[in-house]
Amino acid sequence: MKILLLTKKFPYPLKDGESQAIHGLSKSLAEIGCQVSLLAMNTTKHFFGDSELPAAMSHYQEVRTVSVDNEVNPFAALSTLIKGKSYHISRFDLPTYHEALANWLNEESFDVVQLETLYLAPYMATIRSHSNAQVVMRSHNVEHEIWERCSANMSFAPKRWYVRHLTKQLKAYECQQLNQYDLLLPITKRDEKQFEGLGFRGESHVLPIGLDTPCGEPRYDSYGRKLSMHFIGSLDWLPNLEGLKWFFTDIWPAIHRAYPDLEFHVAGRNMPASISQLRMKNVIIHGEVESSCDFVAAHSISIVPLLSGGGMRAKILEAMSLARVVISTSIGLEGIEAKHRRDLFVADTPAQFLASIEDCVRRGRKLERIGRSAANRFHKRYDRRVLAEKLLRKYEQLMAAEVVA
């Protein structure tokens, strides 16, 4: 089966959830016999400038990129606001990418063209005009819901109004596109229900994130050392930044008073000055780390203080695969099947975060049992190869139905 993936960024390095999700599935499909090709936007924000592809991308049959400048432009945002269009979407609706896509589809036949996130939906018309391929939307999130949650947490009224207005436009676009796909791939059962509530009536298949687990086997040596916590995530993604600031303001002071020797280590890409220049006792700011695997493995407790967002958090799955003890909000854990106080801890308030830390400290070396349970849960539920095999069967059924029709 020949599959063409369309992505709004170059999915490398594997340092964010979107790139990890794309990599895990594409590699798994290639391993079970599919020919997987990639047409990626090479944006100014996530620019990949090397002349040769990294070895981690050797599973692709072919990779083509289109250099684009989709930096946020206030004048373009105002223009789309006046025209009633979604600025979130228009930033990724680019003539050069339409042209590159049309040229490739004219050169080669594909069985499936898979859109990675809603931001590739503007290219459906180009696909339909130049190909008979099945068009599949892999929805990493209910996109407008992320922005609804973010705007609800904004205190500055003008910005809140503006973001809410943009979110309404994004929601309208998301709903308009729902029944245009041949197959929708929500990342969680919850997201599938959300789409159905928005009017989706088509064919769907829930496809959780399956990671490549490049970090290798679980590591347990940190449980024999002094307890420490960590946060890691891309800090140009608003929900990560919002959640981390909340943790510093509302949660960390109480934890530090109760456990003055406990350290909190923070790492992430594109860290703003408000975080990189932060000075708080026992908070160690690392910036972007060379090895996320080594960073996560060095600290037993993984903190995920998300107040908004959607889909599944790949960083939680990565931490579980390394047998870390995750303390996350309910929003952070959406789509991940795990049990409170057996596989991880769920905390939605400052008091609950403090209680979870107290529980971890009280367990001492026995805290490792939760880490082991987390690793077992990951390998049973989120093996990327098993997920890819199920998806391939779904694609084969989809194509067979098309032939009969």
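Here goes a summary of the coordinates provided. (Residues numbered from 1 in each chain as written. Predicted model: local features only at pLDDT ≥ 70, side-chain atom pairs only at ≥ 80, totals over all residues. Heavy atoms only, no water.)

Structural notes on the nonpolar core
The tendency in soluble globular proteins is for nonpolar side chains to be buried as a group.
1) Next: Of all hydrophobic cores here, the largest spans 34 residues; its most connected members are Leu 4, Leu 6, Tyr 97 and Leu 115.
2) Next: Take this core: its biggest share by element is four residues, from helix α4 (residues 95-107).
3) Next: Setting aside its immediate chain neighbours within four residues, Tyr 97 contacts Leu 6, Thr 7, Leu 39, Ala 40, Met 41, Val 66, Leu 120 and Tyr 123.
4) Next: In this structure, Ile 303, Ile 327, Phe 345 and Cys 360 belong to the second largest nonpolar core, which totals 33 residues. (Core = buried A, V, L, I, M, F, W, Y, C linked by side-chain atoms within 4.5 Å. Buried < 20%, exposed > 50% of the residue type's maximum accessible area, 1.4 Å probe, protein only. Helix = DSSP H or I, 4+ residues; strand = E, 2+ residues; numbered from the N terminus. Contact = heavy atoms within 4.5 Å.)

Re the packing of helix α9 (residues 238-258) against helix α13 (residues 350-363)
1) Next: Close contact between α9 and α13 brings their axes to 9 Å; oriented N to C, the two are set at 40°. Relative to α13, the element α9 is oriented oblique. Like other packed secondary-structure pairs, α9 and α13 cross with a definite hand, here right-handed. From α9, Trp 246, Phe 247, Asp 250, Ile 251, Ala 254, Ile 255 and Ala 258 reach across to α13, where they touch Pro 350, Phe 353, Leu 354 and Ile 357. (Axes fitted to C-alpha atoms, helices over the stretch in contact; angles between N-to-C directions. Parallel < 35°, antiparallel > 145°, perpendicular 65-115°, else oblique. Left-handed = near helix turned anticlockwise from the far one by under 90°.)

Some thoughts on empty space enclosed by the protein
1) Next: Taken as a whole and judged by the stated rule, the model has four cavities of 30 Å³ or more.
2) Next: In this structure, the largest cavity encloses a volume near 90 Å³.
3) Next: Lining the largest cavity, in full, are Lys 15, Ile 232, Gly 233, Ser 234, Ala 267, Gly 268, Arg 269, Glu 288, Val 289, Ser 292 and Lys 315.
4) Next: Looking at the lining of the largest cavity residue by residue, the classes come out as three nonpolar, four polar and four charged. (1 Å grid on protein atoms, 1.4 Å probe; cavity = no way out; pocket = protein on both sides within 12 Å on 5 of 7 lines; lining within 4 Å. Points joined across faces, edges and corners; volume = space filled by probe spheres on them. Nonpolar A, V, L, I, M, F, W, Y, C, P; charged D, E, K, R; others polar.)

What about the side chain of Asn 240?
1) Next: Its location among the elements puts Asn 240 in helix α9.
2) Next: Setting aside its immediate chain neighbours within four residues, Asn 240 contacts Phe 231, Gly 233, Ser 234, Leu 235 and Leu 306.

Description of the environment of Gly 224
1) Next: Along the polypeptide, Gly 224 turns up in the loop between α8 (189-197) and β7 (228-232).
2) Next: Separated by 76 residues in sequence, Gly 224 and Ser 300 place their C-alpha atoms 9.6 Å apart.

Some words on α9
Two residues of an α-helix separated by three or four positions point the same way, owing to the 3.6 residues in each turn.
1) Next: End to end, α9 covers 29 Å across 21 residues, agreeing with the expected 30 Å (1.5 Å per residue, within 8%).
2) Next: The largest bend along α9 measures about 50° and falls at Ile 251, with the proline Pro 253 one to four residues further on. (Expected span 1.5 Å × (residues − 1). Bend = angle between axes of the 7 residues up to and from the residue.)

Section: the sheet that holds strand β3 (residues 62-68)
1) Next: Strand order in the open sheet formed by six strands is β3-β2-β1-β4-β5-β6, with parallel pairing between adjacent strands. Each end of this open sheet is capped by a strand with a single partner; those strands are β3 and β6 (183-186). The sheet shows a mean angle of 20° between the axes of neighbouring strands, direction not considered.
2) Next: Note that strand β2 (residues 35-43) and β3 share seven bridges and pair parallel. Considered in β3, the bridge of Ser 37 is made with Glu 62. (Pairing = 2+ DSSP bridges.)

Looking at the packing of helix α12 (residues 314-321) against helix α14 (residues 368-381)
1) Next: With their axes 7 Å apart at the nearest point, α12 and α14 run at an angle of 115° to one another. Touching Leu 317, Met 320 and Ser 321 of α12 are Ala 374, Ala 375, Arg 377, Phe 378 and His 379, all from α14.
2) Next: Of the residues that constitute the contact of α12 with α14, the class distribution is five nonpolar, two polar and one charged.

Some words on α14
1) Next: With 14 residues, α14 extends 20 Å from end C-alpha to end C-alpha; this agrees with the ideal 20 Å at 1.5 Å per step.
2) Next: Taken residue by residue, α14 has Glu 368, Ile 370, Gly 371, Ser 373, Ala 374, Ala 375 and Phe 378 as its buried positions.
3) Next: Those residues of α14 that are buried are in contact with α12, β11 (325-328), β12 (345-346) and α13.

Spatial relationships are all this shows, so hold off on functional conclusions.
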